[in-house]
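A closer look at the structure
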Amino acid sequence: MMYEQEAVVQHNSGIHARIAAMIVQRARELSEKYATPLFLRSQRSERFEMRSLMKLVALKICKGDSVFVSAEGDAGRQAVYEMVRFLEGDFEMREPGKIHEMDKLLHENALMQERLQMILEAVQDGICVVDRTGEITYVNPSYLRIVHKTPEMVMGQNVFKTAPDGNRCAVLRTGVARIGSISRKKDGTTVVANVNPIFVNGEIAGVVSVIKDITELQNLMARLSQVSAKAEYLEQELLRTKKTANAFANYIGKSGKVIDVLALASKAAQSSATVLIRGESGTGKEVIAEGIHYASERRRGPFIRVNCGAIPGTLLESELFGHEKGAFTGAVKRKLGKFELADHGTIFLDEIGEMDKKMQVKLLRVLQQKEFDRVGGEETVHVDVRIIAATNRHLEDMVKDGTFRDDLYYRLNVIPIILPPLRERIDDIPLLVEHFIDKISAATGKTVRSITPEAMDILMRYKWLGNVRELENVIERVITLMDSDTITVAALPSYIKGEAADREVRQLETESAVLPWEEYEKRIIAKALKQCGTFNAAAKELKITHKTVAAKARKYGLFLFW
């Protein structure tokens, strides 16, 4: 059974912070003594346990006001009686130990408020507090970053004047929260907001608005979309069995050109016809060749790689066809060539355009007759080998100028597969970056979780003359040298960022109107800050001092939002 008794506060100052600390301390002592919690309410508030210093202060109890103390059971009756006597007393603390306890409690409360302030300033979501009149009383740094404003532009503003039809005004009027509301600000920023009313003693005392930049959600949705797209690609791609999909899994991409290439490669895998893979250096010719082998009926046989451009012409014949003991100086025993090693499997001849014409004749014999002679040997060796060749050379021009045999060209060009350069499948760059981040992070033992949208934008704008190989090398370099878990613009190589900057300059040159000098200066400073991420880094890139960059940023209202 709950027992309740009224207490009339007699102290001239009412219940302020120090007296509230004394009450909380006394309530703790009585609760421990009688093994029952004590509760308190005013005529305007709900009952709460007498352990919260802030709630007591928020009641704003003055001299002559009534409060009601309650507790359960017979033991609680005595606890309530003693608490009421304390509340109606003079609150004088004459014992040094008691005074020390009060000071300790007040100090703990101050520390708690300080920690709360630090937490509010550290969170990435924007927080805005508005009082009952509509005046903005608090915003955290993230809020200013999201809305692109300074404290002077926000603090003290009244939302009934600046945004009378907004969510905060609506919640102030109705007391009903608005969750997940999407709005577009005048500066073009789109945010998702949760706006909740603040109630004190049953009345609306203000609202708190928590906002998040919608682009962060869009990035998350994009990543989820990429994962879903890869799953759908593996399940539904034309003419692809589960075994075939696994064989080509290392060729990352979901663009239309990649799907066409993989569909053609899947068809090529169904036969033993010769395949000629064309494409620039670094486009993944060997990955496609390996995929064709492991998706074919020959997957249980060997897959042998030969780089025709890396082996001198005088040694290539021995490398491909082998040699007998004593065939030449240093041939101390029989050596099997790559074609014999590839029997019942696949041989991949990379950089076929680098092969000299004498070797082209001998290769043509293998293609036509499936046989060859070892160097220095008299025995004809028969093999069952599928040939996949690759080149980044323009073989048609080589045929015209006589450096490549036309009969070999036609024998090789049975199923041509042309791989697109990376700059023609820009949509695949995010997938490739994600793949290389995971791969290189695992290899280096570093934990890299993401890449900023600004850095990804620069990677997608770069020309990538070295294609996928160059992209992988860049990601490996960045991850090796960086210290954080996120790839930013500042971490990218200067030559990649420089190309993006050159495009900005060319864009300025194409503008017909001549703008004031300050407008160009503002653009340059803004571009440097966005690209470099810090005042120091921007200053180094612009070859000016850190103080100059900071001063210009203040002058033009530029802030580090990225």
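Residues numbered from 1 in each chain as written. Predicted model: local features only at pLDDT ≥ 70, side-chain atom pairs only at ≥ 80, totals over all residues. Heavy atoms only, no water.

Check the secondary structure of the protein chain and you find 24 helices and 20 strands. Burial statistics for the protein chain: of 562 residues in total, 41% are counted as buried. Counting contacts in the protein chain only where the partners sit at least 6 residues apart, residues at least 24 apart contribute 67% of the total. In the structure as shown, the protein chain presents an accessible area of about 30,200 Å², 53% of it carried by carbon and sulfur atoms. (Helix = DSSP H or I, 4+ residues; strand = E, 2+ residues; numbered from the N terminus. Buried < 20%, exposed > 50% of the residue type's maximum accessible area, 1.4 Å probe, protein only. Contact = heavy atoms within 4.5 Å. Areas by Shrake-Rupley, 256 points an atom, 1.4 Å probe, with all protein chains shown as cover.)

This brings us to the packing of helix α22 (residues 517-532) against helix α23 (residues 535-542). In a pair of packed helices, the angle between the axes and the distance between the axes together describe the arrangement. Where α22 meets α23, the axes come as close as 8 Å, and the angle between the chain directions of the two elements is 120°. Viewed along their axes, α22 and α23 adopt a mutual orientation that is oblique. Read as a crossing pair, α22 and α23 show a hand that is right-handed. Note on element contacts: α23 touches α22 through F535, A537, A538, E541 and L542, opposite I524, I525, A528, L529 and C532. Looking at the contact of α22 with α23, its residues break down into nine nonpolar, no polar and one charged. (Axes fitted to C-alpha atoms, helices over the stretch in contact; angles between N-to-C directions. Parallel < 35°, antiparallel > 145°, perpendicular 65-115°, else oblique. Left-handed = near helix turned anticlockwise from the far one by under 90°. Nonpolar A, V, L, I, M, F, W, Y, C, P; charged D, E, K, R; others polar.)

A few words on the environment of S209. Within the element layout of this structure, S209 appears in strand β9 (residues 203-213). For S209, a relative accessible area of 5% puts it in the buried group. Along the sequence, S209 and V195 sit 14 residues apart, while their C-alpha atoms lie 4.3 Å from each other. The residues contacting S209, other than those within four sequence positions of it, are G126, I127, C128, R168, A193, N194 and V195.

Right, let's get into the pairing of strand β5 (residues 126-131). Where β5 meets β9, six bridges bridge the pair, whose relative direction is antiparallel. Paired with C128 across the two strands is S209, which belongs to β9. Alignment of β5 against strand β6 (residues 136-139), held across three bridges, turns out to be antiparallel. Across the sheet, residue V129 finds its bridge partner in β6, namely Y138. Between β5 and β6, which pair antiparallel one after the other, the connecting turn spans four residues, and G134 there sits at a positive phi close to 100°. (Pairing = 2+ DSSP bridges.)

Attention now moves to the packing of helix α18 (residues 429-444) against helix α20 (residues 467-481). Interaxial distance between α18 and α20 falls to 9 Å at its minimum, and their mutual angle equals 45°. When the axes of α18 and α20 are compared, the pair comes out oblique. Considering how the two elements wind past one another, α18 and α20 form a crossing that is right-handed. Where α18 approaches α20, its residues L432, V433, F436, I437, K439, I440, S441 and T444 are matched on the opposing element by V468, L471, E472, I475, E476 and I479. Of the residues assigned to the contact of α18 with α20, the class counts are nine nonpolar, two polar and three charged.

Attention shifts here to the packing of aromatic side chains. By the definition in use, this model includes eight aromatic pairs. Summarising the aromatic geometry, the rings of Y462 and W464 are spaced 4.6 Å apart at their centres and angled 90° between planes, so their arrangement reads as edge-to-face. Seen from their ring centres, Y462 and Y495 are 5.8 Å apart, and the 70° between their planes marks the pair as edge-to-face. Of this pair, Y462 sits in the loop between α19 (453-461) and α20 while Y495 is found in helix α21 (residues 494-510), placing the two residues 33 residues apart along the sequence. Judged by its relative accessible area of 12%, Y462 falls in the buried class. Among the residues examined, Y495 registers a relative accessible area of 40% and is labelled partly exposed. Ring pairs connect the aromatic residues Y294, F303 and F348, which therefore count as one cluster. (Phe/Tyr/Trp six-rings, centres within 6.5 Å; stacked < 30°, edge-to-face > 60°.)

Let us look at the sheet that holds β9. Taken in spatial order, the five strands line up as β6-β5-β9-β8-β7 in an open sheet, and their pairing is antiparallel. Each of the sheet's edge strands pairs with one partner strand only, and the pair in question is β6 and β7 (178-184). Across the sheet, the axes of successive neighbouring strands diverge by a mean angle of 25°, strand direction being ignored. Running at roughly 155° to β9, helix α8 (residues 167-174) makes contact with β5, β6, β7, β8 (190-200) and β9 of the sheet.

Attention now goes to the sheet that holds strand β4 (residues 66-72). Overall, antiparallel pairing links the four strands, which are arranged β1-β4-β2-β3 in an open sheet. The sheet is open, and its two edges are formed by β1 (2-8) and β3 (48-49), each paired on a single side. The pairing of strand β2 (residues 39-42) with β4 spans four bridges and is classified as antiparallel. If you follow R41 over to β4, its bridge partner there is F68. Its contacts with the sheet place helix α3 (residues 73-87) against β1, β2 and β4, and it is angled at close to 155° to β4.

Here we take up helix α15 (residues 357-369). In a regular helix each residue adds 1.5 Å, so 13 residues correspond to 18 Å; α15 covers 18 Å between its end C-alpha atoms and thus fits that length. Taken as a whole, α15 has its buried residues at M359, Q360, L363, L364, V366 and L367. Mapping the buried residues of α15 onto a view down its axis gives an arc of 160°, with all of them on the same face. The elements touched by buried residues of α15 are α13 (313-321), α14 (338-341), β14 (346-350), β15 (371-373), β17 (386-391) and α17 (406-412). Of the residues flanking the start of α15, the one acting as N-cap is D356, its side-chain oxygen 3.3 Å from the backbone nitrogen of K358. Where α15 terminates, the next one or two residues include K370, which has phi positive at roughly 60°. (Expected span 1.5 Å × (residues − 1). Arc of directions from axis to C-beta. Polar contact = N/O pair within 3.5 Å; in protein donor to acceptor, adjacent residues only side chain to side chain.)

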